[in-house]
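Summary of the model geometry
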Amino acid sequence: MQHSVDLEFGTHGGAELFFADIDGDGQVEILAYQGPGVFGARMYRAWPWVSAAVPPRTCLTAFRRDGTRLWSFGEPNPPGQAYLCHAHESCVSVGVVDDSGVPAVALADGARVVLLDGPSGAVRASAALPEDNYYIVGMLGVPAGAGEAVMAIKNGEGGYGAWRYGEPVMGLDRDLRTVWGPQAIPGGGHYILGLDLDRNGGRDFLIGYCRVSPHGDWRCLVDAVDPAGVDADKAHVDFTDILPIGRTQRVIGFAGSDKAYLVGPGRRTRWVWPDRHVQGCAVGRFRRDSRYQMLIYNDDGPLILVDPSGQELWRLSTSDREQWPLGQPAACRGRVFHRNRPVVRWPGRRDLAIFSDGGWPWCVDGDGRVLDCFAPPASSRQPERPVPEKGRGDDLGYGFGTQVVDWFGNGRPAAVIYDREHLWVYPEAPAAPLV
C-alpha cells in the first residue's frame, strides 16, 4: 500500500507525536515532543551515558496536517544530534478543562507541568511539582467541579524515597493546583487514560489496574488482582487497550508486565496469561471464530493471539522479522528496541495489528500471517548519526512509531508512521488480506 501524505518537520520534529484536535475545528492536529522523557529525572541523568546524550531542553510544537507550523513552546534542540528520550508516549495530553470548550494541552516535564492554550500555544498555567520525575499526564477530557481533578500526573519509572516504581500520582485542577495526592495507585505503570468507562456520560481516569474518580478515589477493575499485593516493579501496567462491545460495555486488555489480563464486561477477569515481560497488547476482532481476541506481545517476542476463553490460537516470532527495506543504519545495528507502544490495532472489516518495535512497521492478520502493508517511501531511509555507545535504538531516534488516527476526519482510521523528522499516512486497512 502506498502512502498518501508525506510530511517533513525539520528541526521541530519530535521523539514522539501526538494527534488531537487542539483548536476545536473538528480535525486532528499534530504535536511534536522533543525532550528527555523519563531520562530527565536526576536518578537517570546521573548515569554518564545518559548525561552525555540527554537533550538540553524541552520543545513542543503544533502543526496542521499540511505541515504548517502553528506554534512552539520552547526552542528545538540542536539539529543533527542524536538525543536520548524514553517513555515519551504520555508526556502530552489534550482536553477541555473549563466551560470555554477551548482545548488545552498539558505537558509533563519532570519538575514542572505546563498547561498551554490549544489554538495559540500561549501558557495558561504552569506549576512546580514535588520531584523531577513526573513525565506522564492524562486529561479527564471535560470540566470538573470543586475538589475534582481535570488531569492526573504521575511518575512512570523509579520512585524517590518511599515511593516505588510508577509512584506517585497526583490530581490537578484547571489552574494546576493539587486537589488530591500524591498517592500510590496499584499497577500505576506508564499510562493515564481519561474516559467514560461505563459509556453513561461520566468520566474517570484509568490508571494501572484501577478506575480513579475525579475526586481521587480508586477501585481495582481486575478481580484477579489483589491491589494490596501488587508488586509495583514487576506487575505494573505497560499498556492498556479497550474494545467497545455493544452500546454500553467494554473489554479491557492489560499488558501487566509479569502477566496479561483480559477483563470484562464488568470486573470479570476472563483469563490471566503469565509470561516473561508483557510489554504490549491489542484487543480486537482479528478473526471470526470468536467474538474478539487479544494479542499479547513480550518485549522481545513472540506475538501471541488468545481467544476469550484463554485458548492460544497462534504465536509468531518477532525477533527474526526486523525489517529495514531501505537499509539499516550501522549506528543502530545490534541495539535493543523497547517501545512503550509496540503493537496497535488497525480496525477494518477484519482488524489487523501493526507491529513497530524495531525496523519498518508491518502488519499481522488474525491467522498469524505477516503482511507488508506499507510501501516504504524514499524519505523513510534513516541517516547515520554519531550516537553514544549505549542506549536503545528507539531511544536514540532510530526505528519508527505507529498510531492509528482518523487523519482525514471521515471516520476511517489511517495508519500514521513517523520518526523524528518525517510522517507518512497510509489511508485505511486493507479489506482483504494482502499476499
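Starting afresh in each chain, residues are numbered from 1 along the sequence in its written order. Restriction of local features to residues with pLDDT of at least 70 applies here, the model being predicted, together with a cutoff of 80 or more for giving and counting side-chain atom pairs; totals for whole chains, interfaces and linings are based on all residues. As a rule here, side-chain values come from all non-hydrogen atoms in the structure, and water together with hydrogens is ignored.

As for the sheet that holds strand S6 (residues 92–96)
Note the threshold: Pairing between strands requires that DSSP locate at least two bridges from one strand to the other. For helices the rule is a DSSP run of H or I covering at least 4 residues; for strands it is a run of E covering at least 2, with both sets numbered from the N terminus onward. Axes, fitted as lines to C-alpha atoms, cover a helix only where it is in contact. Angles between the N-to-C directions of the axes lie from 0 to 180 degrees.
Taken in spatial order, the four strands line up as S6-S7-S8-S9 in an open sheet, and their pairing is antiparallel. Whereas interior strands pair on both sides, the edge strands pair on one side only; in this sheet they are S6 and strand S9 (123–128). This sheet shows a mean twist of 20 degrees between the axes of neighbouring strands, independent of strand direction. Here strand S7 (residues 103–108) runs beside strand S8 (residues 112–117); their pairing, made up of five bridges, is antiparallel. Within the sheet, the bridge partner assigned to Ala-104 lies in S8 and is Asp-117.

Notes on the nonpolar core
Definition in use: Side-chain atoms within 4.5 Å are what join buried Ala, Val, Leu, Ile, Met, Phe, Trp, Tyr and Cys residues into a set we call a nonpolar core. Here the term buried applies to any residue with accessible area under 20% of the maximum for its type, exposed to any over 50%, and partly exposed to those in between, with areas from a 1.4 Å probe on protein chains only. Whether two residues are in contact is decided by their heavy atoms, any of which lying within 4.5 Å being enough.
Judged by nonpolar contacts, the single largest core of 28 residues is most densely connected at Phe-205, Ile-207, Tyr-209, Val-222 and Phe-254. Elements with a contribution of two residues or more to this core: strand S14 (192–195), strand S15 (204–207), strand S16 (210–212), strand S19 (249–255) and strand S20 (257–263). When neighbours within four sequence positions are excluded, Ile-207 is seen to be in contact with Ala-152, Lys-154, Val-169, Ile-185, Pro-186, Gly-188, Tyr-191, Ile-192 and Val-212. In this structure, Ile-22, Phe-73, Val-92 and Leu-107 belong to the second largest nonpolar core, which totals 21 residues.

What to know about the pattern of salt bridges
Put simply, the rule reads: Salt bridge, as applied in this entry: a Lys or Arg side-chain nitrogen positioned within 4 Å of an Asp or Glu carboxyl oxygen.
Per the counting criterion, the structure on display carries 22 salt bridges. Measuring nitrogen to oxygen at the nearest pair gives 3.1 Å for the salt bridge that ties Asp-258 to Lys-259. Salt bridges sharing partners connect three or more residues here, namely Arg-287, Asp-289, Asp-365, Asp-367 and Arg-369.

Things to note about unusual backbone geometry
Between Glu-167 and Pro-168 the backbone carries a cis peptide bond, its omega angle lying at 0 degrees. When you line up the elements, Pro-168 lands in the loop between strand S11 (151–155) and strand S12 (169–172). Cis geometry marks the peptide bond from Gly-301 to Pro-302, where omega comes out at 5 degrees. Within the secondary structure layout, Pro-302 lies in the loop between strand S22 (293–298) and strand S23 (303–306).

Here we look at the layout of surface pockets
Convention followed: Method remark: on a 1 Å grid restricted to protein atoms, a set of points is classed as a cavity if a 1.4 Å probe fits but cannot get out and as a pocket if it is open with protein on both sides within 12 Å along at least five of seven lines; lining residues have an atom within 4 Å of a point. Grid points are joined across faces, edges and corners, and a volume is the space filled by probe spheres set on the points.
Within this model, the largest pocket holds a volume of roughly 1,400 Å³. In terms of lining residues, the largest pocket is bounded by 36 residues, among which Phe-19, Leu-193, Arg-341, Gln-403 and Val-404 are the most central. Broken down by secondary-structure element, the contributors of at least two residues to the lining of the largest pocket are strand S2 (16–20), S6, strand S10 (134–139), S14, strand S18 (239–245), strand S25 (343–346) and strand S29 (401–405). Counting residues per element, the lining of the largest pocket draws most heavily on S18, which supplies five residues.

What about the environment of Pro-388?
As for its position among the elements, Pro-388 is in the loop between strand S28 (370–371) and S29. Owing to a relative accessible area of 21%, Pro-388 belongs among the partly exposed residues under this scheme. It is 40 Å that separates the C-alpha atoms of Pro-388 and Leu-243, two residues lying 145 residues apart in sequence. Every residue in contact with Pro-388, bar those within four places of it in the chain, is listed here: Ala-53, Arg-335 and Leu-396.

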